[in-house]
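Examination of the molecular architecture
Okay, here's what each chain looks like letter by letter:
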Amino acid sequence: MNFQLLNNRQRKEIFSAGLRLLEETGLLIKSEEAKRSLLEAGAKVAGDRLLLPENLVRKSLSAAPKEFSIRGEKKGSELRPGAGRTVFGLEIAGLGSFGDSHELNRNEGTIGIVDLIELTNGLSNLEFIKITQGSFRNEAGESGFELLEKAVKATNKPAVLDTSGAIACEEAFNFFNKPTKPERDEKQRTPSTLYSLGSDEPLVKSGKWIEQLNVCAKNRVPVLFEPELLSGEELSGKISRKITLGLTDWLGSITLTQILQPGCQVVLSTSLTESEHRGKEFSPGAGFSNALTSGLVEMADYLRVPVLASNAGNPLSWLDQKTRLGSTLGFLVDSLAGADLVSSRVRPKRSGGYPSGVPVITDEIAGMVKRVTRDVSTNKDDLAVDLIGRIGPKGNYLTEKHTLERFKTEHWHPSIMDRQSFESWFSDGGKDLTERATERAKAILDDNEETTPSEGTGENTIDPHDN
Amino acid sequence: MFANQAENSAQDEFNRLRLLSDRRIQDIHKATLEILADTGVKIQHGEIRRLLRNNDCWFEDEIVHIPPGLVEWAIRQAPSQVMLYNRNGKEPITLGGTEVTYGLGPTLLNMRDHKTGERRRFKKRDTEDAARLCDALPNIDWVMGLGTISDLPSEYSDRHEFDAMVRNTTKPLIVWNYTSDGVEDVIRMAAKIAGSRKGLKNKPFIATALTSLSPLTFTGDALAKLKTLAENGIPTINTPAPQAGASAPVTTAGQLVVANAENLAGLVISQLINEGLPFIIGGVYSIMDMKTATFSYGAPELSLSLAAYMDLARNYGIPTWGTGGCTDSKIVDKQAAIEASLSLITSTLSQANLVHDIGYLESGSTGSLEHIYLANEIIGEIKSFQKEASLETDNLVEELKPELNKSLAEISSSCNRDKESPSSFINDSVYHQNDDSIEDWARDRVDQILESHRPEKLEDKTKAELDAILNNLEDTGLNKE
């Protein structure tokens, strides 16, 4: 299966443009130590910027690992970015932004962060979580960092963490990476988390960014580069310019990383941060966002560096929110474009807590997309010429061995999409998808409580913001 | 493989979803030829059987075996491009290239009443409303009748369906008839609007869909319709609906072989009757859901199989008939949106020329104007994706460098600029601005359009001619309204 936005000429042109911009415009580095390292490696000074020669960027790019593993707590739960398989995940935004523990009610579809994580643990098509820490305390007095800690303890899946800079505090970092089972050496070989390093501005690497990078690299934890692409009215316009800008930022980050910490595992991200839309009515919509995301994924594929495609990463239109169009389109085109990780976002409700139906619906979309993107085999058994000849124009295939042996794997079986007759659906209460998703979420959580005794939370918490 | 294929330029391969490699296309094509020759198709029409026998086919009872040479001859005869005009003989849509167009489906039994929310039998008024709504919607390119009219005698419902459409939209029409007499009557009505039968043939604003009966059967009625259409040169669409696991093998490849055999058999018959008849192939290829015995209109397998078939048809160089914008949901909710989106995305990216079945709820049982409106919006977003994806990569450095230099200089001079907190984004974003359900939101807009939109009227003389044809139909019940 193949779908490409960019032809080879376009990919080469965007890559060449990225190299030229780094060579002629350069990076703004706000760390003297990093500047010194780059100069020693061959970078040149131009005012307050460092210009990166093409050969230095190419050398760094070739040094970046092409494939590695991130494991989850659950046995067999492992991501292998770069291995050629797309996996889907849930991106949890706004942790601690609103009253997370206020008025939670599973029956009505509002759950807190721990329930949200437990729910995701029970959804098979979502194979990782990405969590962004909020900056405020919730009404129960818990900080975003404490909630993040709860989430990390609860998940059995690999996690991508955006700690809003808290990782710069090594104490906090060590807390998240505190060895439990298995031993620390093993943990270092196969990390369970991927840390997000968001850029404040394109082509600017702050002291905090470099400090976080050093902490991650020293502890052999892979990092995620999330360039900011939608901020700044001056960068509106052609989407190819935004793709070029994202690629240039990626190349700069990779170069800096491989010089400061050779061999550091990196994942590129297409995530478009939310903050830049504050106060603006601008809504790019699913079409724009997904074209940008897919173009970036294809460029990451061109670089042969693992990539995470983030969908609905910015405030989409009302229609997108209501219909999940951004997720449906994004899941499909990003996996076709060769993304390693694809995520869709769940946001807290204004009144507090997360909508429990959203992860269930996201899981269902991921299942559908996985079926659509499955290879169409034309081997003898699949073509079934002999069977078609035997059945001929008269019969049917319902009770054939060929059907009975294969329908469970050939057909995708929905969890919440309704295929009943109208009469059966009506007699079951005539529920819409959100109601059925909420019910499934509750069933998963209730079942989980029956089988797994809940562990206490809140012990040994630290809040680096209090330091 | 075929001469028509050369018209597909290499550039088209970008921005197009491709599922089947050349080798797999060949595998399915060869398997299809084997089925047509060795297994054959059931032809329940004596005159057509004789026509086939006179052209190198052989038969036992009603089963006709079609040799590969005849199939490949028919593929070469069929036009690789078909133009479909509007009611005024203008603004043609081009079928056969990369153009993707969208429209409704036919023959639904029920309608979800947009005023009451009630599910009830389909009426002539529903076709009129659907046509008027589509006339106003920018992303719906052509119109189909949506349902089977139940409030008039069933034997003439197709003529009333055409009448309801043609009076309420100027957009091209895809017609569904139940008999060859119905085909003839609709051609008569359409010729009144086009000025003559010759005018209709030269600039057709109608195409007619018919279906083979899976597996591998053409009923007498379907063949009689095909004969009338071919003799009149009306663009004809074959739309088989093999159900994986029931009327076709459970595997995608096996399902495609059955569908392709039916399409190519129809193509052979059409070209034998009228060499060069515009013929369009595709269909509705989904699964029989084993839990509910439903022919699913929301299954991902529908998207997969149809997108794969577009590769095959494109290889033949024959215009295509796709399926999208439909759902198994009983109401216009998130399920309806997700299922409609998935099939619309794959239909669009695989470049199906005519994407039908927009507005279908409940696995092809019930129609909804709100769902049509929603699909129109979804198509708009998908088109926006495609537009954005048409990238220009010239002068990137020259355009970006001055902006970046300026931006970096500003940042450098204002150290430690505070960033806004990401945690309050919801307060002022477009998120949460409206708590309406999708259906309520769409219903408001449908109501506004139906109240305000006035389609271009037919001339009084033409209306009188259509009235005369309808009034001459025996016991139509039209005057009883």
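Sequence positions are assigned chain by chain, starting from 1 and proceeding in written order. In the order they appear in the text, chains get letters beginning with A and ligands get numbers beginning with 1. Note on the predicted model: pLDDT of at least 70 is required for a residue's local features to be given, and 80 or more for side-chain atom pairs to be given and counted; whole-chain, interface and lining totals, by contrast, use all residues. The basis for every side-chain value is the complete set of non-hydrogen atoms in the structure, without hydrogens or water.

**So, the overall build of chain A**
Regarding its fold elements, chain A presents 18 helices and 16 strands. Within chain A, the fraction of its 467 residues that count as buried is 64%. Note on contacts: a residue pair qualifies if any of its non-hydrogen atoms lie within 4.5 Å across the two residues. Taking the contacts inside chain A whose residues are at least 6 apart along the sequence as the reference set, 79% of them involve residues at least 24 apart. Every accessible area reported is derived by Shrake-Rupley at a probe size of 1.4 Å, with residue values counting cover from the shown protein chains alone. If you sum the accessible surface of chain A, you get close to 17,100 Å²; carbon and sulfur atoms cover 46% of it. Think of it this way: any DSSP run of H or I at least four residues long counts as a helix, any run of E at least two long counts as a strand, and we number them from the N terminus. Exposure categories follow from relative accessible area, calculated using a 1.4 Å probe and restricted to protein chains: below 20% of the type maximum is buried, above 50% is exposed, and the middle band is partly exposed.

**Observations regarding the nonpolar core**
Considering soluble globular proteins, one finds that nonpolar side chains tend to be buried as a cluster. In this text, buried Ala, Val, Leu, Ile, Met, Phe, Trp, Tyr and Cys residues form a nonpolar core when linked through side-chain atoms within 4.5 Å. Counting 259 residues, the largest nonpolar core has Trp 250 of chain A together with Ile 66, Phe 162, Ile 206 and Ile 372 of chain B as its most contacted members. At twelve residues, the largest contribution of residues to this core is made by helix H9 (residues 252–273) of chain B. Ignoring any residue separated from it by four or fewer positions in sequence, one finds Ile 206 of chain B in contact with Leu 84, Phe 162, Leu 173, Val 175, Val 186, Ala 190, Leu 200, Ile 234 and Pro 235 of chain B. Core analysis: the second largest hydrophobic core is formed by eleven residues, Leu 79, Leu 224, Leu 308 and Leu 341 of chain A among them.

**Topic: the interface of chain B and chain A**
Each side of the interface is counted separately: chain B has 114 residues, and chain A has 120 residues. A carboxyl oxygen of Asp or Glu within 4 Å of a side-chain nitrogen of Lys or Arg is what we treat as a salt bridge. In this assembly, chain B and chain A are joined by nine salt bridges. A salt bridge links Arg 241 of chain A to Glu 399 of chain B, with the nearest nitrogen and oxygen atoms 3.9 Å apart. Definition of a polar contact: a pair of N or O atoms within 3.5 Å, with one able to donate and the other able to accept a hydrogen when the atoms are protein atoms, and with sequence-neighbouring residues admitted only if both atoms are side-chain atoms. Viewed at the interface, chain A and chain B are joined by 23 residue pairs in polar contact (both at pLDDT 80 or more). Element by element, the count of residues in the side of chain B that touches chain A is highest for helix H13 (residues 396–413) of chain B, at 14 residues.

**Thoughts on the pattern of salt bridges**
Applying the stated criterion to the full structure yields 54 salt bridges over all chains. Between Arg 9 of chain A and Glu 13 of chain A there is a salt bridge, with the nearest N and O atoms lying 3.1 Å from each other. Within this pair, Arg 9 of chain A and its partner Glu 13 of chain A are both found in helix H1 (residues 8–24), separated by four residues, close to a single helical turn. Assessed through its relative accessible area of 26%, Glu 13 of chain A is described here as partly exposed. Here Glu 439 of chain B makes a salt bridge to Arg 443 of chain B, at a shortest N to O gap of 4.0 Å. One end of the pair, Glu 439 of chain B, and the other, Arg 443 of chain B, are both in helix H15 (residues 438–452), four residues apart, so they sit about a helical turn from each other. For Arg 443 of chain B, a relative accessible area of 17% puts it in the buried group. Residues joined in a network through salt bridges with shared partners are Arg 112, Glu 370, Glu 439, Asp 440 and Arg 443 of chain B.

**With respect to the packing of aromatic side chains**
Each aromatic pair joins two rings of Phe, Tyr and Trp (for Trp, the six-membered one) with centres within 6.5 Å, and gets the label stacked for planes under 30 degrees apart, edge-to-face for over 60, and tilted for any other angle. All chains considered together, the criterion is met by eleven aromatic pairs over all chains. Relative to Trp 441 of chain B, the ring of Tyr 373 of chain B lies with its centre 5.6 Å away and its plane at 70 degrees, an arrangement referred to as edge-to-face. Taken together, the positions of Tyr 373 of chain B in helix H12 (residues 369–389) and Trp 441 of chain B in helix H15 put the pair 68 residues apart, joining distant regions of the chain. With respect to class, Tyr 373 of chain B is no different from Trp 441 of chain B; both count as buried. Here the aromatic residues Phe 422, Trp 425 and Phe 426 of chain A are joined through ring pairs into a cluster of three or more. Here the basic side chain of Arg 119 of chain B rests over the ring of Phe 422 of chain A, its NZ or CZ set 4.0 Å away from the ring centre. When the NZ atom of lysine or the CZ atom of arginine is within 6 Å of a ring's centre and also within 35 degrees of its normal, the charge is said to sit over that ring. Over the ring of Trp 176 of chain B we find Lys 225 of chain B; its NZ or CZ atom is 5.4 Å from the centre of that ring.

**Quick word on helix H8 (residues 207–218) of chain A**
For H8 of chain A, built from twelve residues, the straight-helix expectation of 16 Å at 1.5 Å per residue is met to within 8% by its first-to-last C-alpha distance of 16 Å. In the stretch just after H8 of chain A, Arg 220 of chain A is the one whose phi turns positive, near 55 degrees. Expected helix span is taken as 1.5 Å per residue step, with the number of steps being one fewer than the number of residues.

**Considering the packing of helix H1 (residues 22–39) of chain B against H9 of chain B**
Residues and elements named next belong to chain B. Contact geometry for H1 and H9: axes closest at 9 Å, N-to-C directions at 65 degrees. Read as a crossing pair, H1 and H9 show a hand that is right-handed. In this structure, H1 contributes Ile 28, Ala 31, Thr 32, Ile 35 and Leu 36 to the contact, and H9 contributes Leu 256, Val 257, Asn 260, Ala 261, Leu 264 and Ala 265. For this classification, the nonpolar set comprises Ala, Val, Leu, Ile, Met, Phe, Trp, Tyr, Cys and Pro, the charged set comprises Asp, Glu, Lys and Arg, and every other residue, Gly included, is treated as polar. Here the contact of H1 with H9 is built from residues that sort into nine nonpolar, two polar and no charged. Fitted lines through C-alpha atoms serve as axes, helices being fitted only where they are in contact, and the angles separating the N-to-C directions of these axes extend from 0 to 180 degrees. Throughout, a crossing is termed right-handed when the near helix is turned clockwise from the far one, and left-handed when it is turned anticlockwise from it by less than a right angle.

**Brief notes about the sheet that holds strand S20 (residues 360–361) of chain B**
All names here are of chain B. Paired strands, as defined in this entry, are two strands with at least two bridges between them according to DSSP. Ordered in space as S8-S7-S21-S20, the four strands form an open sheet in which the pairing is mixed. Of all the strands in the sheet, the pair left with one neighbour each is strand S8 (119–121) and S20. The sheet contact formed by strand S7 (residues 110–112) and S8 spans three bridges and is antiparallel. Looking at S8, one finds that Asn 110 is bridged to Arg 121.

**Some details on the confidence of the model for chain A**
Residues and elements named next belong to chain A. A score from 0 to 100, pLDDT tells how confident the predictor is in each residue. For chain A, the mean per-residue pLDDT works out to 82, and 79% of the residues sit at or above 70. With pLDDT under 50 throughout, residues 231–236 is counted as low confidence; its partners more than four residues away or in other chains account for 14 contacts. The model gives residues 453–467 a pLDDT under 50, and that stretch makes 25 contacts with residues more than four places away or in other chains.

**Describing the environment of Arg 159 of chain B**
Residue and element names in this part refer to chain B. Among the structural elements, Arg 159 can be located in helix H5 (residues 157–166). With a relative accessible area of 3%, Arg 159 lands in the buried category. Each C-alpha atom of the pair Arg 159 and Met 83 lies 23 Å from the other, and the pair is 76 residues apart in sequence. The contacts of Arg 159, once residues within four sequence positions are left out, are Thr 179, Asp 181, Gly 182, Asp 185, Val 186, Met 189, Leu 470 and Leu 473. Looking at Arg 159, its side chain comes within polar contact range of the side chain of Asp 158, at 3.0 Å.

**Examining the sheet that holds strand S11 (residues 206–210) of chain B**
Pairing between the strands of a sheet comes from backbone hydrogen bonds, and it takes one of two forms, parallel or antiparallel. All names here are of chain B. The strand order across the open sheet formed by eight strands is S6-S19-S18-S15-S13-S11-S10-S9, and the pairing between neighbours is parallel. Strand pairing shows two members of the sheet lacking a second neighbour, strand S6 (101–104) and strand S9 (143–144), which therefore form its edges. Sheet topology note: the strand S10 (residues 173–176)/S11 ladder contains four bridges and is parallel. Within S11, the residue paired with Ile 174 across the bridge is Ala 207. Seen against the sheet, H5 touches S9, S10 and S11 and runs at an angle of roughly 165 degrees to S10.

**A short note on the side chain of Arg 345 of chain A**
Mapped onto the elements, Arg 345 of chain A comes out in strand S15 (residues 341–346). Looking at Arg 345 of chain A, its side chain comes within polar contact range of the side chain of Glu 91 of chain A, at 2.4 Å.

**Digging into unusual backbone geometry**
All names here are of chain B. A cis amide bond links Ser 214 with the next residue in sequence, Pro 215, at an omega value of 0 degrees. By the secondary structure assignment, Pro 215 is in the loop between S11 and strand S12 (217–218). Although it is not a glycine, Asp 56 adopts a positive phi angle of roughly 80 degrees. Within the secondary structure, Asp 56 is located in the loop between helix H2 (46–53) and strand S2 (58–60). With relative accessibility at 61%, the residue Asp 56 sits in the exposed group.

**Concerning the packing of helix H4 (residues 124–136) of chain B against H5 of chain B**
All names here are of chain B. For the pair H4 and H5, interaxial distance at closest approach is 8 Å and the crossing angle is 30 degrees. Of the two possible hands of crossing, H4 and H5 adopt the one that is right-handed. Side by side, H4 and H5 meet where Lys 124, Thr 127, Glu 128 and Ala 131 of the first sit next to His 160, Glu 161, Asp 163, Ala 164 and Met 165 of the second. A class-by-class count of the residues in the contact of H4 with H5 yields three nonpolar, two polar and four charged.

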